[in-house]
Each structure stands twice: as C-alpha cells, then as structure tokens.
Number of protein chains: 2
Amino acid sequence: MLTSTVENYLKALLMLSNQGEKRVSTGDLAKSLGVTPGSATSMIKTLAEAGLANHKPHYGVLLTDEGRTLAVHVVRRHRIIELFLVNILEMEWDEVHVEAEQLEHVVSDEVIARMDKLLEYPTIDPHGDPIPSADGTFIERPVHQLSQCEEGQRVQVARISDQNSSFLKFAESHGLTPGATIEVQRRNEHADSITLQSNEEEITLGFTAANRIEVELVG
Amino acid sequence: MLTSTVENYLKALLMLSNQGEKRVSTGDLAKSLGVTPGSATSMIKTLAEAGLANHKPHYGVLLTDEGRTLAVHVVRRHRIIELFLVNILEMEWDEVHVEAEQLEHVVSDEVIARMDKLLEYPTIDPHGDPIPSADGTFIERPVHQLSQCEEGQRVQVARISDQNSSFLKFAESHGLTPGATIEVQRRNEHADSITLQSNEEEITLGFTAANRIEVELVG
DNA sequence: CACTCCTTTTTGATTAATCAAAAATTATAC
DNA sequence: GTATAATTTTTGATTAATCAAAAAGGAGTG
Ligand SMILES: [Mn+2]
Ligand SMILES: [Mn+2]
Ligand SMILES: [Mn+2]
Ligand SMILES: [Mn+2]
C-alpha cells in the first residue's frame, strides 16, 4: 500500500506535468508540496525505485504510466469526495478541498463507488475540475483564461484553479462560480485589469486574479 | 495534533479499562492493538509524558481525564461514521468497522457535525453500540450476555460485541441484529450451548458465540 | 529467602519522512 | 574558457513507530 505522502507526491507530479508532457523540476515539486528540495529529491528517488517515476538527475522527473494511473485515481477520489461533501453533506465549496486532501488517502474503493453512484456518476467537481472516470480516463476540457478574453466577449465560468478558501469565498460572492455567464466589459493592459458584468454587478479583477478563472466562450 | 497511532492507543485503553475503572496491562494493550509489548510500553510512556495517561510501571496504565475525553471523541467519530456508511451510503454492517477505523482519524469536526445532523442525532451505531454525545457524555446501556439467559426468556438483541466481518454476516443471516426479538429455547451447560428461536428458525450457539451477543430482557 | 515463571521494560536496529547545511552540477555571463 | 549564480543532490541528524531479543521486576512455591 502507498503512503499518503507518496500519493501526495504522485498527485503533485501529475498536476505539475500538466497531464503528462513536460518534466517537473525538483524545485517546483518541492514548492508545490511545501517541503525542502532535499526532501523532494529523496522522494523522487523512492518513486523511481518503485517504478512510479522516471528521474533524470538535474533535469527533472516524470511519472511512468503506472505512476500516472495511481495519481489519476487519487485525483478521482479527491474530486468525488469534494462533490460528495458539497452535494450530500452541504458543506461550502471553499472548505472541501482541505478535507478531501486527507480523505483521499483513506477511503476505500467501495466507498468511492457508493459515493459515485449516489452522486449519479458526476464528471465535474465543485470547482469545475473534471473527475477522472473509474477506468482512468482523464480529459481536460479546453478552456480559456478569463484574463485573456477580449472586450465584449460573453463567457461562461468553467473552473476556478485556486483552492484558497478566501479566494473561493470572494469568487462566489461575486457570482463567479462554474456555470455562471459573465460578460467582459473592459480590458486595460496598462492597468493590468479586466472589468466584468456578473450578476447585475460590475467587478474589476487584476490579471493575476483573472488568471485563476477559466472560462468557455459562449455563442 | 494527535497521530492516528496515538488515537488508536487511546481508544484501546478506553475500551480495555471498561470505561474508566481498572488499570490496563501492557500485555492486554499490546494484544488488542496487534503490536509487541515493547511497542506498547514505549507508547505508554509517550502518552504519560503528554499527560494523557497515568502509568504505574509493572502495574498498568489508565487514561487521565484529558486522555479519556480525547478517546471518547474518537469513539464518537468512529460510530457516527459507521452509521453514516450504513444508512447513507448503504454499505453492509459487516464492512463499515474497518472503514471507520481509518476515517475516524481524518474527518474534521465539521464533517462529523454534518453527518450527525443528516442522521438526525443518532445514539446507537449499526452494531448496537452507544454513540457518545458531542459534549463527551458516554453511557453504556446495562445489558445482559445472551449466554447467561435462562430457558424460556424472551429478549431483544442489544448489541454485537464482535466486529469480525464473518461473524457479523453469520449473525445477520440468522436474524440476530440489534432490535430483533428472540426467545431462549434450551440451555445446556454441559454441551456449552444455548438454543434460540429467531425468525421462524431455531438456532444453537456455543457459549463463546453467545457471549458476543448482548441482549435486553423483554417484559 | 531463594527459585522459577511470566510479564514488563530496556536496548539497539530499522523504516519513512523530514530538515539544515554542505557539496556538486548545470547554466549564464563575461 | 573561467568565474558566478542558481538549482539539485548529498550528507548527517531528527522524529514517530515499530520489532527482536536481552535484562529486569513481581508473584507464588516451597
Ligand atoms: Mn492529500
Ligand atoms: Mn476541486
Ligand atoms: Mn483507527
Ligand atoms: Mn460499531
């Protein structure tokens, strides 16, 4: 059985490699997990020895097919749990990530299967992220960054790529939740900001914030 | 924060001290957790240093009030989770113990509170065990062992004090679940057995098995 | 009170995960 | 092409939890 720590490293590698192409640097991996580079190096070796990752010293690390499959299943558990917590236990969307971060390592396949059924085989989590299917299929919807949308464009919020609780609370309070339709009013490259019409209300975001919101173009 | 291991030791101590009176021996504690006596001794010291237990070397260990409170909350989490898995996720009563043994260490108070509400503040778990209340109240119903009931006695199953999956399956298949009413037909001290009428069916149990079934006397 | 038996504790090692700080390596700049 | 900066790896220590086996302690028997 894999330890929680190993599962967290696998998941981080999957996310950082952007679902499979480019090698991940030790430093990025360490930063994303909040450990020192030395700790990351040491775990990378462990993963490589277990056949879960491929390590080219000084040039980065990449999951093997086996490692990727395991990582995708951790992500599946994480997202099903998040949706379960929101839809069944009626928790807030900004608090379920932290909870799922722990639960993903201990819930059995049986429990996940039951949650999946109760939720009627969902494909999207509370933050708009796709839920990998039980057979390991994991597809990213092609989406655009809100920060790069043009003036006058009508778009639909697809996902929020930031799990920070206070950012999520902020987004929700301005109607920026998956599925919401908004319109880009103004875009000011110099001011580093974009102004939106959402929920009868006008709101201006800096590009950094707008970067965390991904959208789909509407009609 | 307490580690899972510490929580498991606290819970074992609570159970073995029969809710608070007698000292627990290192050997019994080790056996109940499946570790060597040396491991138990070492953890007992850790608990004593943390003020969670009181250790009299060579004479046993007992939880302090603080340790007991923590242990009771672990038991509360365990039993709410078990009931949740059975009632909401429709899992079998013989598989939820193993699951809860892991989940009890990671679910937040928030999640427990939500489950508690959804279950309408239950007081008994799927095996008939009492669920301690949020304020730490933990009362055992006074019950009798089925093995000591007299012939002709009508009783109601109160709890099954064995979490073994196959024993639970067996009990269920003969209608021996909490709430069921049964009648003692015969009792044979020499044969070490007791015969019951349950569910239109007659069934004979050895005293060892009957010991694991606790009952309440019926009018 | 000495001997034996059983239990408990101690000792010494091991494993997983981590950090701080030193050493090595790669990339970049002159 | 050597010096410098940044990143990565290595080294040595630490913590929690465990085990096997040796040492110590307690209780009962004669
Ligand atoms: Mn996690
Ligand atoms: Mn999510
Ligand atoms: Mn447990
Ligand atoms: Mn139970």
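These figures come from a predicted structure and were not determined experimentally. (Residues numbered from 1 in each chain as written. Chains lettered and ligands numbered in written order. Predicted model: local features only at pLDDT ≥ 70, side-chain atom pairs only at ≥ 80, totals over all residues. Heavy atoms only, no water.)

Colleague: Help me out: how do you make sense of the coordination of the manganese ion (ligand 3) in this one?
Modeller: Reference values for angles at a metal are 109.5 degrees in the four-donor tetrahedral case and 90 or 180 degrees in the six-donor octahedral case. Residue and element names in this part refer to chain B. Donor atoms from the polypeptide that coordinate the manganese ion (ligand 3) comprise Asn8 (OD1), Glu101 (O), Glu101 (OE), Glu104 (OE) and His105 (NE2), at 2.0 to 2.4 Å from the metal. Of note, the donors binding the manganese ion (ligand 3) are all from one chain and are spaced N-x92-E-x2-E-H. In this pair, Asn8 is assigned in helix α1 (residues 4-16) and His105 in the loop between α5 (96-103) and α6 (109-118), connecting sequence segments 97 residues apart. (Donors = N, O, S within 2.8 Å, 3.2 Å for Na, K, Ca; no water. Helix = DSSP H or I, 4+ residues; strand = E, 2+ residues; numbered from the N terminus.)

Colleague: So what exactly am I meant to see when it comes to the protein's contact with DNA strand C here?
Modeller: The environment of DNA strand C is made up of 21 residues, and the closest members are Thr3(A), Ser39(A), Thr26(B), Lys45(B) and His55(B). Within 4 Å of the protein, the atoms of DNA strand C are drawn from sugar and phosphate moieties in a proportion of 85%. At 3.1 Å from a sugar or linking oxygen of DNA strand C is found a side-chain nitrogen or oxygen belonging to Tyr59(A). The side chain of His55(B) places a nitrogen or oxygen atom 2.8 Å from a phosphate oxygen of DNA strand C. Taken together, the elements giving at least two residues each to the surface near DNA strand C come down to α1 (4-16) and α3 (37-49) of chain A together with α2 (26-33) and α3 (37-49) of chain B. Broken down by element, the residue count for the surface near DNA strand C peaks at four residues, all from α3(B). (Near = heavy atom within 4 Å. Polar contact = N/O pair within 3.5 Å; in protein donor to acceptor, adjacent residues only side chain to side chain.)

Colleague: Got a minute to help me understand the relation of the copies chain B and chain A in this structure?
Modeller: Of the transformation superimposing chain B on chain A, the axial component is 0.0 Å and the angular component is 180 degrees, with the fit at an RMSD of 0.0 Å. The superposition of one copy onto the other is thereby described by a two-fold rotation axis. When each C-alpha of chain B is compared by its distance to the rotation axis, Leu103(B) comes out closest, at 3.6 Å. Interface overlap between copies is the fraction of interface residues in one copy that are interface residues in the other; for chain B against chain A it reaches 100%, indicating a shared surface. (Least-squares fit on C-alpha atoms with pLDDT ≥ 70 in both. Contact = heavy atoms within 4.5 Å.)

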